[in-house]
Each structure stands twice: as structure tokens, then as C-alpha cells.
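Observations on chain architecture
One letter stands for each residue in the lines below.
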Amino acid sequence: HMSFTGNPGTGKTTVALRMASILHRLGYIEKGQLVSVTRDDLVGQYVGHTAPKTKDVVKRALGGVLFIDEAYYLHRPENERDYGPEAIEVLLQVMESERENLVVIMAGYKDRMEQFFQANPGMGSRVAHHIHFPDYKADELMEIAELMIAKQGYEISDDGAQALLDYIERRLDRPRFAYGRSIRNAIERARMRQAMRLFESDRKLTKADLVTIEADDIRQSSVFTDTEEEEPEDDGEGTAKAGAAVSA
Ligand SMILES: Nc1ncnc2c1ncn2[C@@H]1O[C@H](COP(=O)(O)OP(=O)(O)OP(=O)(O)O)[C@@H](O)[C@H]1O
Ligand SMILES: [Mg+2]
């Protein structure tokens, strides 16, 4: 069992997915699926609902990886009538009894995970591997961006790359920056602006025009004009949907 800590967009979910497939290929787990859940998938609303709910999720995860995002929400000491501890109880049992057949990965912010393990020593002692995902630096984000651009069949001009680096450096200083995810979204928006630019251009377009992101496509971002934050992040990825199972 493992714990992944780190800020949003530093790759925890992505690595958990890879981990499931690697552990499968190494023969540690039979099927290699990743079942990604949060508190609401495990904890019921009424007395007696939680244990069966958690057990159902565990059943789906057997032979693979159970990924519990923001695991610390299972523990809410401030709420007396909280059923979180019942889910923790079930998890503690299966993490022991099914250890041959199930890998549990818990993820979240570093300090809150540490508090969670302190408050739940049984949990802490069952997690052998604590892996921290440090924040990416600007040059690393630039590499990630270039990978993403290439993967999408696009290119970026030299001026464009310079603009993107400027953009990254500005975003790094702002709140709500979500590293890899923000980069993915920034590229998405740059592609949109590129498409608009081409649509509005009246010269004949070459193939290079169609696949190249230029500095303009980056510099139109509000990051370069506003003193306020970038437009709100709209994701639809990252924290997998409740109960979504991804087959590795
Ligand atoms: N090292 C990397 N190389 C390439 N892409 C990356 C890397 N790290 C993160 N990404 C990309 O960033 C996006 C967000 O990553 P991911 O969802 O794994 O982050 P997370 O740590 O689970 O975030 P959260 O805490 O918000 O759930 C994904 O699109 C992923 O592909
Ligand atoms: Mg995630």
C-alpha cells in the first residue's frame, strides 16, 4: 500500500494508473484495474450503510489498485455522527487480509495526509511506501508542455516557446495553479486561439500554419494583461469521477 502526496496536477492520479498496470505486469496483482474513489463512494449517509458500501468498492478493486483521493476526508473528528471511521475500519481489515490481491493508494496534500496517518496509526502502519510528488519547476513544466504539444500533433514556434515560458513563470506565482493540469488547459486554450487566428486569416494556409502554435496564441492569455488570476480552471479531468474504474 502506498501514499502519494503533492499539490494538484503534480501527477498523482496519472502515476497511480501507471502503477496499477506496472504492478499487474510484474505479477503482483491479478487484473491491474484502477478503481478511483473519494469519501462519498465509501461512506454512506445512514447507519449501517457504510460498511457494505465500502466492501462493494473493495470488491471491485480486488486484483487491482484502490485509489482513494483525499483520503483524509474519511476522518472527520469534528463530526460526532460521522460514518467515516466505519469505512476506515473496513479498509484496515482488507488492507491486511487482502494484501496479496489489493494495493491501496491514498493521495492528497502532504500535511493533511500526515495528520490523517497520525490520527489513524493503523492506517499509517499499513502504508509501506510514502511518495511525495514535488512541485514542478518552470523548465520541467516547459518539458511537459512540449511533450503534450507533440503528442497532440502540434508544434510550437521558437517565439511561441518563449511566450509559453513567460506564461508559465507568471502562472507559477499565482494562486490555484495546478501544475500539469494547468499546462494541459493552457495548451487547450492556445489551440483554440490558434484555430480562431487561422479562421480569421485570409491568406492561403500551409500545413505548417495548421499545426503551429505561435507566440500570439499564448500572449493573448489574460495572464499577460490582468493583474487578477487566470480565467478559472475548468477541468473535467484529474480527480476521476466518483467510482470511475479505469482498466489498465
Ligand atoms: N510528469 C508529467 N509529465 C506529463 N504530464 C504530466 C506530468 N505530471 C502531470 N501531468 C499531466 O497533468 C495533468 C494532471 O495530472 P494528475 O491528474 O495526475 O494530477 P494529480 O496529482 O492527480 O492532481 P489532483 O491532486 O488535482 O488530483 C494530467 O493531464 C497529466 O497528464
Ligand atoms: Mg488526482
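Presented here is an overview of the structure given in this document. It should be emphasised that the depicted structure is a prediction, and the values quoted were computed from it without experimental measurement.

1. So, the overall build of the protein
Counting its secondary structure elements, the protein contains 11 helices and 8 strands. Along the three orthogonal principal directions, the C-alpha set of the protein runs to about 65 × 40 × 30 Å. A separation of at least 24 residues holds for 75% of the contacts in the protein among residues at least 6 apart in sequence. With an accessible surface of roughly 13900 Å², the protein has 50% of that area assigned to carbon and sulfur atoms. Each charge sign in the protein was given a centre, from 32 positive and 43 negative side chains, and these centres are 5 Å apart.

2. Points about the environment of L164
Along the chain, L164 turns up in helix α8 (residues 158-172). Sequence-wise, L164 and V35 are 129 residues apart; in three dimensions their C-alpha atoms are separated by 35 Å. The contacts of L164, once residues within four sequence positions are left out, are M142, A145, I149, I156 and I218.

3. Section: the site of ligand 1
By nearness alone, 18 residues border ligand 1, and K12, T13, T14, Y136 and R184 come closest of all. In the environment of ligand 1, an oxygen atom lies 2.8 Å from a nitrogen or oxygen atom belonging to the backbone of G9. Protein coverage of the free-state accessible area of ligand 1, which is 640 Å², stands at 81%. Mapped by element, the contributors of at least two residues to the shell around ligand 1 are α1 (12-25), α7 (138-151) and α9 (179-200). In terms of residue class, the shell around ligand 1 is made up of 4 nonpolar, 9 polar and 5 charged. A domain-level breakdown of the shell around ligand 1 finds at least three residues from each of domain 1 (2-134) and domain 2 (138-224).

4. Re a negative patch on the surface
A cluster of acidic residues, D139, E140, E143 and E146, forms a negative patch on the protein surface. Within the secondary structure, E146 is located in helix α7. According to the relative accessible area criterion, E146 is partly exposed, its value standing at 38%.

5. Describing α8
In a regular helix each residue adds 1.5 Å, so 15 residues correspond to 21 Å; α8 covers 21 Å between its end C-alpha atoms and thus fits that length. All buried positions along α8 are accounted for by G160, A161, A163, L164, Y167, I168 and R171. The arc that holds the buried residues of α8, viewed along the axis, is 160 degrees, so those residues lie on one side. Turned more than 90 degrees away from the buried face of α8 sit D158 and D159, all of them exposed.

The rules we used
- Residues numbered from 1 in each chain as written.
- Chains lettered and ligands numbered in written order.
- Predicted model: local features only at pLDDT ≥ 70, side-chain atom pairs only at ≥ 80, totals over all residues.
- Heavy atoms only, no water.
- Helix = DSSP H or I, 4+ residues; strand = E, 2+ residues; numbered from the N terminus.
- Contact = heavy atoms within 4.5 Å.
- Areas by Shrake-Rupley, 256 points an atom, 1.4 Å probe, with all protein chains shown as cover.
- Lys, Arg positive; Asp, Glu negative; His and termini not counted.
- Charge placed at Lys NZ, Arg CZ, Asp CG, Glu CD.
- Near = heavy atom within 4 Å.
- Polar contact = N/O pair within 3.5 Å; in protein donor to acceptor, adjacent residues only side chain to side chain.
- Nonpolar A, V, L, I, M, F, W, Y, C, P; charged D, E, K, R; others polar.
- Domains from an automatic or database assignment.
- Patch = residues over 30% accessible without salt bridge, like charges linked within 9 Å, V, L, I, M, F, W, Y side chains within 5 Å.
- Salt bridge = Lys/Arg side-chain N within 4 Å of Asp/Glu carboxyl O.
- Buried < 20%, exposed > 50% of the residue type's maximum accessible area, 1.4 Å probe, protein only.
- Expected span 1.5 Å × (residues − 1).
- Arc of directions from axis to C-beta.

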